[in-house]
Amino acid sequence: MAGDRPESGEVPLLYSEGNVAARVALEREVRGWSTTELAEQVTRAGVKMNQTAVWRIENGTPRRRINLDEALAFSRVFELPLEELMSPRLEGLDIDSRRLVQEAVEAFYEARDARDRLHHAVVAIADHIKAHPDSSRAIHEQCLRLMGDERDARTLSSDIEDGGHY
């Protein structure tokens with residue numbers, strides 16, 4: 001690609017490596033991290049890196065090369081598949097829309113994890129009631145006490161009676 005032409009005998013960077021460098025900068029900015037914070041995140045992910053290395057990957061002339069371990073660490077830190085990290089930036093997707101999408105994706109996974117956790121808890125309570133039928137009424141009363149809202153407590157009790165949340 002034109003932006004990846006070698007200067008004065010340099011070995012040209014792979015197009016995907018240039019994409020990774022651009023995506024590292026973009027993903028760091030989306031999250032509001034400094035280059036120091038990103039370097040610390042990558043180091044915690046198992047690949048020693050300092051702020052200068054991050055800056056040189058993003059801005060250096062020549063750009064600092066990214067080895068496979070570093071690319072995998074960036075992928076892990078940004079919670080992106082490596083293929084996505086290597087992909088070119090999408091046209092029409094500015095930093096604000098990236099932040100909004102990032103927030104929605106994080107909320108989606110948090111909600112999914114919470115639904116899974118709720119389902120497992122409801123199944124465990126339902127199994128407990130099957131093994132101890134005399135505890136049913138007290139369990140439902142405890143739901144009401146802890147939740148404080150009768151409608152929510154009835155919904156949870158109904159899920160328990162049905163044996164699951166899904």
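For the structure itself, look to the data block above.
Residues numbered from 1 in each chain as written. Predicted model: local features only at pLDDT ≥ 70, side-chain atom pairs only at ≥ 80, totals over all residues. Heavy atoms only, no water.

Q: So what about the overall build of the protein? Which residues, and what values?
A: Scanning the protein from N- to C-terminus turns up 8 helices and 0 strands. When the elements of the protein are put in sequence order from the N terminus, they spell out α-α-α-α-α-α-α-α. Among the 166 residues that make up the protein, the fraction classed as buried is 33%. Pairs at least 24 residues apart make up 55% of the contacts formed inside the protein by residues separated by at least 6 positions. (Helix = DSSP H or I, 4+ residues; strand = E, 2+ residues; numbered from the N terminus. Buried < 20%, exposed > 50% of the residue type's maximum accessible area, 1.4 Å probe, protein only. Contact = heavy atoms within 4.5 Å.)

Q: Describe the packing of aromatic side chains, with residues and values.
A: All told, the structure shown has 3 aromatic pairs when counted by the stated rule. Judged by centre distance (6.0 Å) and plane angle (20°), the ring pair of Trp-33 and Phe-78 falls under stacked. With a gap of 45 residues between them, Trp-33 in the loop between helix H1 (15–30) and helix H2 (35–44) and Phe-78 in helix H4 (residues 68–78) connect regions that are remote in the sequence. Given a relative accessible area of 2%, Phe-78 falls into the buried group. Counting every residue linked through ring pairs, the aromatic cluster contains Trp-33, Phe-74 and Phe-78. A cation over a ring is seen here: Arg-31 above Trp-33, with NZ or CZ 5.9 Å from the ring centre. (Phe/Tyr/Trp six-rings, centres within 6.5 Å; stacked < 30°, edge-to-face > 60°. Lys NZ or Arg CZ within 6 Å of the ring centre and 35° of its normal.)

Q: So what's going on with the side chain of Glu-17? Which residues, and what values?
A: Tracing the backbone shows Glu-17 in helix H1. At 2.6 Å, the side chain of Glu-17 and the backbone nitrogen of Ile-66 are in polar contact. The residues touching Glu-17, leaving out its near neighbours within four places in the chain, are Arg-65 and Ile-66. (Polar contact = N/O pair within 3.5 Å; in protein donor to acceptor, adjacent residues only side chain to side chain.)

Q: Give me the side chain of His-140: which residues, what numbers.
A: Checked against the element boundaries, His-140 lands in helix H7 (residues 136–147). A residue is classified by how much of its surface remains accessible, and His-140, at 17% relative accessible area, is buried. When neighbours within four sequence positions are excluded, His-140 is seen to be in contact with Ile-129, Ser-157, Ile-160 and Glu-161.

Q: Give me the lowdown on helix H6 (residues 95–131), citing residues and values where you can.
A: Given a rise of 1.5 Å per residue, 37 residues ought to cover 54 Å, and the 54 Å separating the end C-alpha atoms of H6 matches this to within 8%. Considered for burial, the residues of H6 that qualify are Ser-97, Arg-98, Gln-102, His-119, Val-122, Ala-126 and Ile-129. (Expected span 1.5 Å × (residues − 1).)

Q: Give a detailed account of the pattern of salt bridges, specifying residues and quantitative values.
A: Per the counting criterion, the structure on display carries 8 salt bridges. For the salt bridge of Glu-58 with Arg-28, the shortest nitrogen-to-oxygen distance reads 2.7 Å. Taken together, the positions of Glu-58 in helix H3 (residues 51–59) and Arg-28 in helix H1 put the pair 30 residues apart, joining distant regions of the chain. Each member of the pair Glu-58 and Arg-28 is classed as buried. Note that Asp-113 and Arg-112 form a salt bridge whose closest N and O atoms lie 3.4 Å from each other. Accessibility expressed as a relative area gives 43% for Asp-113, which makes it partly exposed. (Salt bridge = Lys/Arg side-chain N within 4 Å of Asp/Glu carboxyl O.)

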